[in-house]
2 protein chains.
Amino acid sequence: MRAGPSQEEIRRHNLGALLRHVHLGGPISRAELTNRLGLNRSTIMALTADLTAAGLVREELPRETGRAGRPSLVVRPESARVYVFAFDVGVDRLVAARVGLGGTILDRRDAVRRRDPFSTEEVVGQLAAFARQMHRKTRSDTVCVGAAAAFSGGVDRGGGVVRFGPNMGTVGDVPFAEEMTRRLGLGLRVAVGNDANLAALAEHTRGVGVGCRDLIYLHGDVGVGGGVIVNGQLLGGHMGFGGEVGHMIVNPDRGRPCSCGSSGCLEAEVGERALLEAAGRFGSQAGRDAVRAVVDAADRGDVVAQAALNRVGDWLGLGVANLVNLFNPEMVVFGGMLREIYLGSAAQVRSRLAVEALPPSREHLRLRTSALADEATLVGAAELAFSRVLADPLEVLARAGS
Amino acid sequence: MRAGPSQEEIRRHNLGALLRHVHLGGPISRAELTNRLGLNRSTIMALTADLTAAGLVREELPRETGRAGRPSLVVRPESARVYVFAFDVGVDRLVAARVGLGGTILDRRDAVRRRDPFSTEEVVGQLAAFARQMHRKTRSDTVCVGAAAAFSGGVDRGGGVVRFGPNMGTVGDVPFAEEMTRRLGLGLRVAVGNDANLAALAEHTRGVGVGCRDLIYLHGDVGVGGGVIVNGQLLGGHMGFGGEVGHMIVNPDRGRPCSCGSSGCLEAEVGERALLEAAGRFGSQAGRDAVRAVVDAADRGDVVAQAALNRVGDWLGLGVANLVNLFNPEMVVFGGMLREIYLGSAAQVRSRLAVEALPPSREHLRLRTSALADEATLVGAAELAFSRVLADPLEVLARAGS
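Chain A is annotated in an unreviewed UniProt entry as Putative NBD/HSP70 family sugar kinase from Streptosporangium becharense. Looking at chain A in UniProt, the text filed under Sequence similarities (unreviewed entry) is "Belongs to the ROK (NagC/XylR) family."

Put into structure tokens, the structure is as follows:
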């Protein structure tokens, strides 16, 4: 246990706390900040003055106060000036975005990705080209304070190396952070995180899970991933590979083969392929639209589609029950194609929970679908990119050379 | 996100940090404390002076320095003076102990518990009587700064209510913290925690897992429990029921019935009963000795015992593989009778891990047996009891009325 912080560390912490409030909550009056941060008015004034001088926030008179007396100034993030690059490397798409402080998407580029073996050269080249296009369009007074990518695979926390990505078709280790940093050429180190982990962070900070300190986000597409928020923090584990809910074995006896080389994993039982095969549609269709088509067919009374959805929902329910017993979360969030699957099989999921989750662990549990939908991973990548400037606003800005 | 701490909060934090060092690490020189806490000498001197005046530590000249110059004073915990009561409510035993600051067991009482339906009156009466006996023997200058109990069941974090304890034979909710507090009658609120959670804390602070920030402790007796340390903190979840690894379903198809009402739970497949039934010994024997007898018989070449141990080890390996994929721990610790089972079936556990745990999550993994053995729960209860005085040394001591 380290000793308490120095005065300078406290000032840095407070600057970060104030900036985080404005970044996540949007424009807010000085009076309200005083309230929320538990600091006195003069401290808040000094902190906002520092952040204003650095060009991170600006202060304005509120439009209407409806009250007598001098109105409290409103502090706004400098969204058009301070931004990050966020990248989403998914199985079926590549996205690059320029995201302003406060979370505003200022500019973006999307590309469809074919399900081919992974080519670092191709993916990094495409994303860096997108970023350069967007960078050229920025005004000269703007400043980039970070960059991060969400990757559909297991990422080593320290080095940003992709250690496994079977659904992306990677082979061996991919030094993705290093390659992106080099090709981007902005003098900024690109951080890389697992897509479902970052989506969990996004739902926790800006989505359906705001205010929840214990949350599990389940993400489905070809693979099934997850992100776990424990006491307000993303569970990374020893090396950053924590939260791999897709490779929890739920069906050891007669399990389907999994992309990881094992069988009976949650991913193998509830992923896209499991649903499409059970519905007799594998091979002819793929992707989110194919999953939606099965759910729609089940809705219209197609018995094959209904049986497929029930089967998948049943395994999903078992997986969720296990997670509820292990983590006692306040909320479980279904995202990606698991959103559709959950909506089509909520009865199976709930009946599994009723039998297999411990009563005290499920009595306050809320099951929800993602609020950010397909943007969750991109939003999470942007939050990862902003994390450095929020931890130490002035230092990062000084280095970015505004 | 709250603002940074005030000067007074920092002082309190530093007092707690220093006391925690002395409590967990034992006697330490002022020079070394300066080093470890990253504070300057005069601050360390002021903090130790405060703690000395409060009677929590004392300063002494070291016996031998072997170096020239004035030796740095050694700070020691006042173990004989400052103590807590720790209780362990297990399936087969009840323990009460008086534990001094620094973790020294000053006095203890043990009783065998029969596997009867749970009687709050009987258990609380027995433990309170033990505590009173020990309290009467203390000198008048001693001070009790906390009390806590480990309970073999699911405990509501807020209220210390036992919400489920099938292996203890509880029925309905048991307001255990309230009853213990009342019967102890020392004006101290008794904290209550799940036994495996507290054992995990004990192994993390004083056992095989010192220095590990991500650790899973698995505890077996009649039931199977667990405690998970995530980034240095015990995982409690929303209401404190997190870490129920025993009720992760590993065998959904042909699972054995579990005490929780479900079937195929890890507890049902690897608990005491599973092993004894597979070995054809259930009914005639029970408890740790019976488990040891099976492991010993397997060791001597008894094929029935070997098959039983292999079967249980196989399910244990599957459970551990799932936990490794979910948590990416640095260490998994086997405690209680799972210690014997793991030692007798390490090959099964490792071969499951080799196939079913993701390679990057298992490459740095260490599998270990408990260092504190049957004392882990009691040590964990003592640490829970000390947690308040370590968080705010002077306030707690003032209230204890030294």
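K.L.:
So what exactly am I meant to see when it comes to the side chain of Glu-330 of chain A here?
P.N.:
Tracing the sequence through the fold places Glu-330 of chain A in the loop between helix H10 (303–327) and strand E14 (331–336). Classification of Glu-330 of chain A as buried rests on a relative accessible area of 16%. Once you skip the residues sitting within four places of it in the chain, Glu-330 of chain A turns out to touch Cys-212, Arg-213, Asp-214, His-364, Leu-365 and Arg-366 of chain A together with His-238 of chain B.

K.L.:
Help me out: how do you make sense of the interface of chain A and chain B in this one?
P.N.:
The interface is formed by 58 residues belonging to chain A together with 58 residues belonging to chain B. Overall, the association of chain A and chain B removes approximately 5000 Å² of surface from exposure, summing both partners, and the carbon and sulfur fraction of that is 60%. Linking chain A to chain B there are four salt bridges. Remark: the boundary between chain A and chain B carries 20 residue pairs in polar contact (both at pLDDT 80 or more). Those elements that provide at least two residues to the side of chain A that touches chain B are helix H1 (7–25), helix H2 (30–37), strand E9 (162–164), H10, helix H11 (337–356) and helix H12 (359–362) of chain A. Looking at the side of chain A that touches chain B residue by residue, the classes come out as 27 nonpolar, 20 polar and 11 charged.

K.L.:
Looking at this structure, I do not really get the sheet that holds strand E2 (residues 57–60) of chain A. What am I missing?
P.N.:
In a beta sheet, neighbouring strands pair by backbone hydrogen bonds and run either parallel or antiparallel. All names here are of chain A. Spatial strand order, E1-E3-E2: three strands in an open sheet with antiparallel pairing. Of all strands in the sheet, those bounded by a partner on one side alone are strand E1 (28–29) and E2. Bridging between E1 and strand E3 (residues 74–77) involves two bridges; their strand directions are antiparallel. Of the residues in E3, the one forming a bridge with Ser-29 is Val-74. Set on the sheet, helix H3 (residues 41–53) makes contact with E2 and E3; between it and E2 the angle comes to about 120°.

K.L.:
Could you clarify how one ought to interpret the packing of aromatic side chains in this entry?
P.N.:
The description of an aromatic ring pair uses the distance of the two centres, along with the angle that the planes make with each other. Under the counting rule described, the total for this entry stands at 15 aromatic pairs over all chains. A cation over a ring is seen here: Arg-98 of chain A above Tyr-83 of chain A, with NZ or CZ 4.5 Å from the ring centre.

K.L.:
Even after reading the chapter, I still don't get unusual backbone geometry, so can you show me in this structure?
P.N.:
Where the residue is not glycine, phi is negative for most of them; where a peptide bond is considered, it is trans in most cases. Positive phi, normally seen in glycine, also occurs at Ala-373 of chain A, with a value near 50°. In the Ramachandran plot, Asn-328 of chain B falls in the positive-phi region, its phi being about 45° despite a non-glycine side chain. Here Asn-328 of chain B shows up in the loop between helix H10 (303–327) and strand E14 (331–336).

K.L.:
How should the relation of the copies chain A and chain B be read in this particular structure?
P.N.:
Each of the two chain copies can be brought onto the other by rotation about an axis and movement along it. Superposition of chain A onto chain B requires a rotation of 180° combined with a translation of 0.0 Å along the rotation axis, giving an RMSD of 0.0 Å. What the superposition gives is, in effect, a two-fold axis relating one chain to the other. Considering only C-alpha atoms, the part of chain A nearest the rotation axis is Val-250 of chain A, at 3.2 Å. Residue by residue, 100% of the interface of chain A is reproduced at the interface of chain B, so both copies engage with the same surface.

K.L.:
Looking at this structure, how should I read the sheet that holds strand E13 (residues 233–234) of chain A?
P.N.:
Residue and element names in this part refer to chain A. Here five strands make up an open sheet; going across it, the order is E13-E12-E11-E14-E15 and the pairing mixed. Either end of the sheet is taken by a strand with one partner, and the two such strands are E13 and strand E15 (366–369). Running over the sheet, H11 touches strand E11 (215–220), strand E12 (224–230), E14 and E15 and is turned about 145° from E14.

K.L.:
How do you make sense of the packing of helix H9 (residues 287–299) of chain B against H10 of chain B when you look at a structure like this?
P.N.:
Each pair of packed helices can be summarised by the angle the axes make with each other and by the distance between the axes. Residue and element names in this part refer to chain B. Across the interface, H9 lies against H10 with an axial gap of 7 Å and an inter-helix angle of 115°. Crossing handedness for the pair H9 and H10: left-handed. Contacts between H9 and H10 involve Val-294, Val-295, Ala-297 and Ala-298 on the former and, on the latter, Ala-305, Gln-306 and Leu-309. Taken together, the residues of the contact of H9 with H10 break down into six nonpolar, one polar and no charged.

K.L.:
Before we go on, may I ask you to explain the confidence of the model for chain A in this structure?
P.N.:
The predicted structure's coordinates, where accompanied by low pLDDT, should not be read in detail. A residue-level look at chain A finds 97% of positions with pLDDT of 70 or above and a mean pLDDT of 93. Mean pLDDT across the secondary structure elements of chain A bottoms out at helix H14 (residues 393–400) of chain A, with 80, and peaks at E15 of chain A, with 98.

K.L.:
Just checking my understanding: could you explain the nonpolar core for this structure?
P.N.:
In summary, soluble globular proteins display a tendency toward joint burial of nonpolar side chains. Counting 96 residues, the largest nonpolar core has Leu-218, Phe-327 and Phe-334 of chain A together with Leu-218, Phe-327 and Phe-334 of chain B as its most contacted members. Those residues in contact with Leu-218 of chain A that lie beyond four places of it in its chain are Gly-225, Val-245, Leu-316, Val-320, Leu-323, Val-332, Val-333, Phe-334, Gly-335 and Leu-338 of chain A.

K.L.:
I'm lost on the pairing of E14 of chain A in this one. Help?
P.N.:
Two faces make up the sheet, and in a regular strand the side chains alternate between them. All names here are of chain A. Along E14, six of the six residues are buried, which leaves the element largely enclosed by surrounding structure. In this sheet, E14 lies alongside E11 in parallel orientation, the contact comprising six bridges. Bridge pairing links Gly-220 to Gly-336 in E14. Sheet topology note: the E14/E15 ladder contains four bridges and is parallel. Each bridged residue has a counterpart across the sheet, and for Met-331 the counterpart in E15 is Arg-366.

K.L.:
Quick question: what am I supposed to make of the environment of Glu-272 of chain B here?
P.N.:
Residues and elements named next belong to chain B. Locating Glu-272 in the fold gives a position in helix H8 (residues 272–278). With 101 residues separating them in the primary sequence, Glu-272 and Ala-373 have C-alpha atoms 17 Å apart. In this view, Glu-272 contacts Arg-115, Asp-221, Val-222, Ala-286, Gly-287, Val-291 and Met-337; residues no more than four positions away in its chain are not counted. At 2.9 Å, the side chain of Glu-272 forms a polar contact with the backbone nitrogen of Gly-287.

K.L.:
Explain the side chain of Arg-352 of chain B to me, please; I cannot follow it from the model alone.
P.N.:
Residues and elements named next belong to chain B. Structurally, Arg-352 is set in helix H11 (residues 337–356). On the accessibility criterion, Arg-352 (14% relative accessible area) is buried. Side-chain polar atoms of Arg-352 contact the side chain of Glu-356, separated by 2.5 Å. Apart from the residues within four sequence positions on either side, Arg-352 is in contact with Asp-314, Gly-317, Leu-318, Ala-321 and Ala-357.

K.L.:
Whenever I open this one, the pattern of salt bridges confuses me. Can you help?
P.N.:
Proximity of charged atoms lets side chains of opposite charge pair with each other. In total, this model carries 70 salt bridges over all chains according to the counting rule given. As a salt-bridge pair, Glu-269 of chain A and Arg-311 of chain A come within 3.3 Å of each other at their nearest N and O atoms. A residue pair is termed long-range when its members are at least 10 positions apart, and Glu-269 of chain A in helix H7 (residues 266–270) and Arg-311 of chain A in helix H10 qualify at 42 residues. Among the salt bridges present, the one from Arg-58 of chain B reaches Glu-60 of chain B, with a minimum N-O distance of 2.8 Å. We classify Arg-58 of chain B as partly exposed; its relative accessible area is 32%. It is possible to trace a salt-bridge network through shared partners that takes in Asp-88, Arg-93, Arg-108, Asp-110 and Glu-375 of chain A.

K.L.:
Help me understand the layout of surface pockets in this model?
P.N.:
It is the rolling of a water-molecule-sized probe over the atoms that shows where space remains empty. All names here are of chain A. In this structure, the second largest pocket encloses a volume near 1300 Å³. Contributing to the lining of the second largest pocket are 35 residues, with Arg-20, Leu-201, Gly-232, Gln-233 and Leu-234 lying nearest its centre. Counting residues per element, the ones that place at least two in the lining of the second largest pocket are H1, strand E10 (190–194), helix H6 (195–206), E13 and helix H13 (376–391). By residue class, the composition of the lining of the second largest pocket is 13 nonpolar, 15 polar and seven charged.

K.L.:
Which parts of the structure should I look at to understand the packing of helix H6 (residues 195–206) of chain B against helix H13 (residues 376–391) of chain B?
P.N.:
All names here are of chain B. The geometry of H6 relative to H13 is characterised by a closest axis approach of 7 Å and an angle of 80° between their N-to-C directions. Of the possible angle classes, the one that applies to H6 and H13 is roughly perpendicular. The segment H6 lies against H13, with Asp-195, Leu-198, Ala-199, Ala-202, Glu-203, Thr-205 and Arg-206 engaging Ala-376, Thr-377, Val-379, Gly-380, Ala-381, Glu-383 and Leu-384. Classifying every residue of the contact of H6 with H13 by side-chain character gives seven nonpolar, three polar and four charged.

K.L.:
Which parts of the structure should I look at to understand the domain arrangement of chain A?
P.N.:
Many analyses report the size of an interface as the accessible area lost when the parts associate. Residues and elements named next belong to chain A. If you check the domain split of chain A, you get domain 1 (7–77), domain 2 (82–198 + 377–400) and domain 3 (210–371). Taking only C-alpha atoms, the centre of domain 2 and the centre of domain 3 are 27 Å apart. Listed as interface residues are 15 residues of domain 2 and, on the opposing side, 23 residues of domain 3. In this assembly, domain 2 packs against domain 3 so that about 1400 Å² is buried in total across both faces, 51% of it on carbon and sulfur atoms. Of all residues in domain 2, Arg-157, Ala-196 and Asn-197 give up the largest surface area on contact with domain 3, accounting jointly for 38% of the area buried on that side. Note that Glu-272 and Arg-115 form a salt bridge whose closest N and O atoms lie 3.1 Å from each other. Linking domain 2 with domain 3 are six residue pairs in polar contact (both at pLDDT 80 or more), by the criterion used here. Counting only elements with at least two residues in the side of domain 2 that touches domain 3, the list comes to strand E8 (154–155), E9 and H6. Per element, the largest residue contribution to the side of domain 2 that touches domain 3 is three residues, and it comes from H6. Residue composition of the side of domain 2 that touches domain 3, by class: five nonpolar, four polar and six charged.

Conventions adopted
- Each chain has its residues counted from 1, running along the sequence as written.
- Key to labels: chains lettered from A, ligands numbered from 1, both in the order written.
- Only residues with pLDDT of at least 70 are given local features in this predicted model, and only at 80 or more are side-chain atom pairs given and counted; all residues enter the totals for whole chains, interfaces and linings.
- The side-chain numbers reported here are obtained from all heavy atoms of the structure, hydrogens and water having been left aside.
- UniProt positions are given in the numbering used here, feature names are shortened, and annotations may be inferred rather than shown by experiment.
- Numbering of helices and strands runs from the N terminus; a helix is a DSSP stretch of H or I covering at least four residues, while a strand is a stretch of E covering at least two.
- For the exposure calls, accessible area comes from a 1.4 Å probe over protein chains only, and a residue counts as buried if that area is under 20% of its type's maximum, exposed if over 50%, partly exposed in between.
- Should any heavy atoms of two residues lie within 4.5 Å, those residues are considered in contact.
- What counts as buried area is the accessible surface, traced by a 1.4 Å probe, that two parts surrender upon association, with contributions from both included.
- For this document, the term salt bridge refers to a Lys or Arg side-chain nitrogen within 4 Å of an Asp or Glu carboxyl oxygen.
- Definition of a polar contact: a pair of N or O atoms within 3.5 Å, with one able to donate and the other able to accept a hydrogen when the atoms are protein atoms, and with sequence-neighbouring residues admitted only if both atoms are side-chain atoms.
- As a working rule, the residues Ala, Val, Leu, Ile, Met, Phe, Trp, Tyr, Cys and Pro are called nonpolar, Asp, Glu, Lys and Arg charged, and the rest polar, with Gly in that last group.
- Only when DSSP finds a minimum of two bridges between them are two strands counted as paired.
- Throughout, an axis means a line fitted to C-alpha atoms (over the contacting stretch in the case of helices), and angles, computed between N-to-C directions, take values from 0 to 180 degrees.
- Between 30 and 60 degrees the pair is tilted, below 30 it is stacked and above 60 it is edge-to-face, where a pair is any two Phe, Tyr or Trp rings, Trp via its six-membered ring, whose centres lie within 6.5 Å.
- Only Lys NZ and Arg CZ are tested; either one counts as a charge over a ring when it is within 6 Å of the ring centre and within 35 degrees of the ring normal.
- When the copies are superposed, the least-squares fit draws on C-alpha atoms of residues that have pLDDT of at least 70 in both.
- Handedness of each helix crossing follows the sense of rotation of the near helix against the far helix: counterclockwise by less than a right angle gives left-handed, clockwise gives right-handed.
- Looking at any residue, its pLDDT shows the predictor's confidence there, from 0 to 100.
- Side-chain atoms within 4.5 Å are what join buried Ala, Val, Leu, Ile, Met, Phe, Trp, Tyr and Cys residues into a set we call a nonpolar core.
- Of the two site types, the cavity is a set of points on a 1 Å grid over the protein atoms alone where a 1.4 Å probe fits but cannot get out, and the pocket is an open set with protein on both sides within 12 Å along at least five of seven lines, each lined by residues with an atom within 4 Å of a point.
- Grid points are joined across faces, edges and corners, and a volume is the space filled by probe spheres set on the points.
- Oblique is the label for every angle not falling under 35 degrees (roughly parallel), over 145 degrees (roughly antiparallel), or within 65 to 115 degrees (roughly perpendicular).
- Domain limits in this description derive from either an automatic procedure or a database domain assignment.

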